[in-house]
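Observations on chain architecture
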Amino acid sequence: MNPNQNKFKLVLTAIFGIFILVGLVAFSTYKASSPANSNVEISVWGTVDQKVFDSYISKYKQDGGLQFKLTYTYKSLDTIDGQLVEAIATGKAPDSFLIPQTLIKRYLDKVFMINSVPQRTFIDTFIQESELYIQPGGIFALPFFVDPLVMYWNRDMLANVNIAIPPSKWSQFPALAERISKSDNNANIIKSAASLGEFKNINNAKALLSTLIMQAGNPIVGLENGYLKSKLSYQSPADILPPAVSALTFFTDYSNPKKSSYSWNRSLPTSKLFFLSEDLATYFGFASEFNDIKDKNPNLNFDVAMMPQILDAKAKTTYGELYGFAILKNSPNSLAAFNLLSMLTGRTSVQTLLEFLDVAPARRDLIAAGTTDPAKTVFYNSALISKGWIDPDAKKTDQVFQDMVENITTGRTDIKDAVSKANLEIDNLFK
C-alpha cells in the first residue's frame, strides 16, 4: 500500500471515529448547547396538543437560552397515519413525527434508521419499553416520554366499606366487587368496583387487556424465524392454560351475572364517565388523564396507584404508550433533525416537558432522580415496568380484541376458541 493510501485510510478512520463519538455523546449525555445546522428549519408532526407542545418549546428555549427552528403541527391520533402516508406520497411530509409505538410496524420502511449508536448506550439511557425501537437496521425513533396505564381509585367508595388501601393484586378484586358493586331491583348496576368484562364502554380496553395478558406471561407479539407473529395462543409446557386464556377468563367473569364478581355490563356508560359520576371505585386510565379527571369533577375524592398485578408475579407489568421522534427517510434534513431531536430527548428538555404533561420520562436518569409530586411518583414507577407490543394495525387490532371479548361474553365461542381466532387474525395482519 502506497503512502497516499495510508494517509487516506488514516483520515477516513479518524472521521469515522469522530462520527461514532458524536453519536455516543448525543445519546449518553445530551448536553449539546444547540443543534448542528441551527439555521435549518425542522418540521415535526405529532399527537401532543399544539398549545402544550408550543408552550414546552417556548419554555425550553427561554430556560436554556437556545435558539433553533422547529415547526410543530398537531395531528390527531385517528388521522395522523393517513395524513403521513399521503404526505409522503406527495412529497409534502415533515422531517420527523412524534407518535406512540403502535405505529412502528407501519413505518419501518419509511424512517431513517439510526445505526451509528451502540445498543448498549441506548438500553442504558432509556426504559425497557424503549427497546421496541431497536429494529433490524438500527434505532427506529428517539424515546421522548411514556404514558403508562395506572389505576385511579375513589377514596370515599373504598372508605365507605372500610378499605384503607387500594387493591394492588388482581386476586383482591372478587372480594372488592362483592363489597362495592350494587344493583337495583331491576338488576341494573348502580355501583361498580371495577370496569372489567366488556369492551365498547370500557375506556382503554385494549391497553387493559394487553396489561392482563402480558402480566400472565404472554408477549402478544414476538419474533419467529425473523418474522413478527402473533403469540396470543402461546402456551409454555409449565402453563395449565395459555396465559391469554387465563387473562380473558378473569376479565370476562366481571360481566357474567352468574359470578359473584359481576360488576359491569354493556348498558352502563363509559368507564371514565361512571368514575367521574362517583359510581365506579377503580378506573384504569393513562397517566395523561390525571388533570382531565380533576378538571371534569373537582369534587371527586380520588387518588392514583400503580396497576394491580397478578399474585406472585416474577416481574411487574403495565401497558405504556411510548412516544418517540422518528425521522422520515426522505427528509432532506435528516442530520439536522437528528441533532435537534437528540437535544429534545435529552435530560434538560424532557425535564421541561414534564412541567406541561402528566406523563413519565423515557429516560432512566430522570426516573432515578425522582419527583416530589405524589401522582407523578406513581407515573415514574409505572414507567419502569411499562411494556408494549408491535401492533400491525392499531385500528384493526382494536376490532380483533373487541370481537375476542364479545365472542366470549355473548357465548358465541368458548374462551380458548376466541383467543385462537384472535391469534390467527392478528397473524394475518402481519402478512
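This text follows the structure it describes.
Every value quoted in this text rests on a predicted model; they were computed, and no experiment measured them.

**Topic: the environment of Asp-124**
Inspection of the secondary structure assignment puts Asp-124 in helix α4 (residues 119-125). Along the primary structure Asp-124 and Asp-365 are separated by 241 residues, whereas in three dimensions their C-alpha atoms are 9.3 Å apart.

**So, the packing of helix α8 (residues 243-253) against helix α15 (residues 394-409)**
Any two packed helices are characterised by the angle at which their axes cross and by the distance between the axes. The interhelical angle for the contact between α8 and α15, taken along N-to-C directions, is 65°, at an axis separation of 11 Å. Crossing of α8 against α15: the hand is right-handed. On α15, the residues touching Leu-248, Phe-251 and Thr-252 of α8 are Met-404, Val-405, Ile-408 and Thr-409. Partitioning the contact of α8 with α15 into residue classes produces five nonpolar, two polar and no charged.

**A short note on the pattern of salt bridges**
This structure, assessed with the given rule, holds 16 salt bridges. In this structure, Arg-120 and Asp-124 form a salt bridge, with 2.9 Å as the shortest nitrogen-oxygen distance. Placement of the pair is Arg-120 and Asp-124 together in helix α4, with a separation of four residues, close to one helical turn. Residue classification places Asp-124 among the partly exposed positions, given a relative accessible area of 48%. Between Arg-266 and Glu-198 there is a salt bridge whose closest N-O contact spans 3.4 Å. Here Arg-266, found in the loop between α8 and α9 (271-276), pairs with Glu-198, found in the loop between β8 (189-194) and α7 (205-215); they are 68 residues apart in sequence, far enough to count as distant. Judged by its relative accessible area of 48%, Arg-266 is partly exposed.

**Let's talk about the packing of α8 against helix α16 (residues 415-429)**
Between α8 and α16, the least distance of the axes is 9 Å, while the angle of their chain directions is 120°. By the angle between their axes, α8 is oblique relative to α16. The interaxial crossing formed by α8 with α16 has right-handed handedness. Note on element contacts: α16 touches α8 through Ile-415, Lys-416 and Val-419, opposite Ala-244, Val-245, Leu-248, Thr-249 and Thr-252. Among the residues making up the contact of α8 with α16, the classes are represented as five nonpolar, two polar and one charged.

**Focus: the nonpolar core**
In terms of nonpolar packing, the biggest core is built from 134 residues, with Phe-53, Tyr-152, Leu-344 and Phe-379 touching the most fellow members. Per element, the largest residue contribution to this core is nine residues, and it comes from strand β6 (residues 142-154). Discounting residues that sit within four places of it in the chain, Leu-344 has contacts with Tyr-56, Ile-57, Tyr-60, Phe-68, Leu-70, Phe-144, Phe-325, Ser-349 and Val-350.

**Re unusual backbone geometry**
When glycine is set aside, most residues are seen to have a negative phi, and most peptide bonds are trans. The phi torsion at Asn-225 lies on the positive side, around 55°, for a residue other than glycine. Here Asn-225 lies in the loop between β9 (221-224) and β10 (227-230). At Asp-312, a residue that is not glycine, the phi angle is positive and equals roughly 60°. Following the sequence through the fold, Asp-312 ends up in the loop between β12 (302-305) and β13 (318-327). Its relative accessible area of 69% is what places Asp-312 among the exposed residues.

**Here's the deal with the side chain of Asp-358**
Tracing the backbone shows Asp-358 in the loop between α12 (347-353) and β14 (360-361). Polar side-chain contacts of Asp-358 include one of 2.4 Å to the side chain of Asn-291. Other than its neighbours up to four places away in sequence, Asp-358 contacts Asp-147, Ala-287, Ser-288, Phe-290, Asn-291, Lys-376 and Phe-379.

Cut-offs and rules
- Residues numbered from 1 in each chain as written.
- Predicted model: local features only at pLDDT ≥ 70, side-chain atom pairs only at ≥ 80, totals over all residues.
- Heavy atoms only, no water.
- Helix = DSSP H or I, 4+ residues; strand = E, 2+ residues; numbered from the N terminus.
- Axes fitted to C-alpha atoms, helices over the stretch in contact; angles between N-to-C directions.
- Left-handed = near helix turned anticlockwise from the far one by under 90°.
- Contact = heavy atoms within 4.5 Å.
- Nonpolar A, V, L, I, M, F, W, Y, C, P; charged D, E, K, R; others polar.
- Salt bridge = Lys/Arg side-chain N within 4 Å of Asp/Glu carboxyl O.
- Buried < 20%, exposed > 50% of the residue type's maximum accessible area, 1.4 Å probe, protein only.
- Parallel < 35°, antiparallel > 145°, perpendicular 65-115°, else oblique.
- Core = buried A, V, L, I, M, F, W, Y, C linked by side-chain atoms within 4.5 Å.
- Polar contact = N/O pair within 3.5 Å; in protein donor to acceptor, adjacent residues only side chain to side chain.

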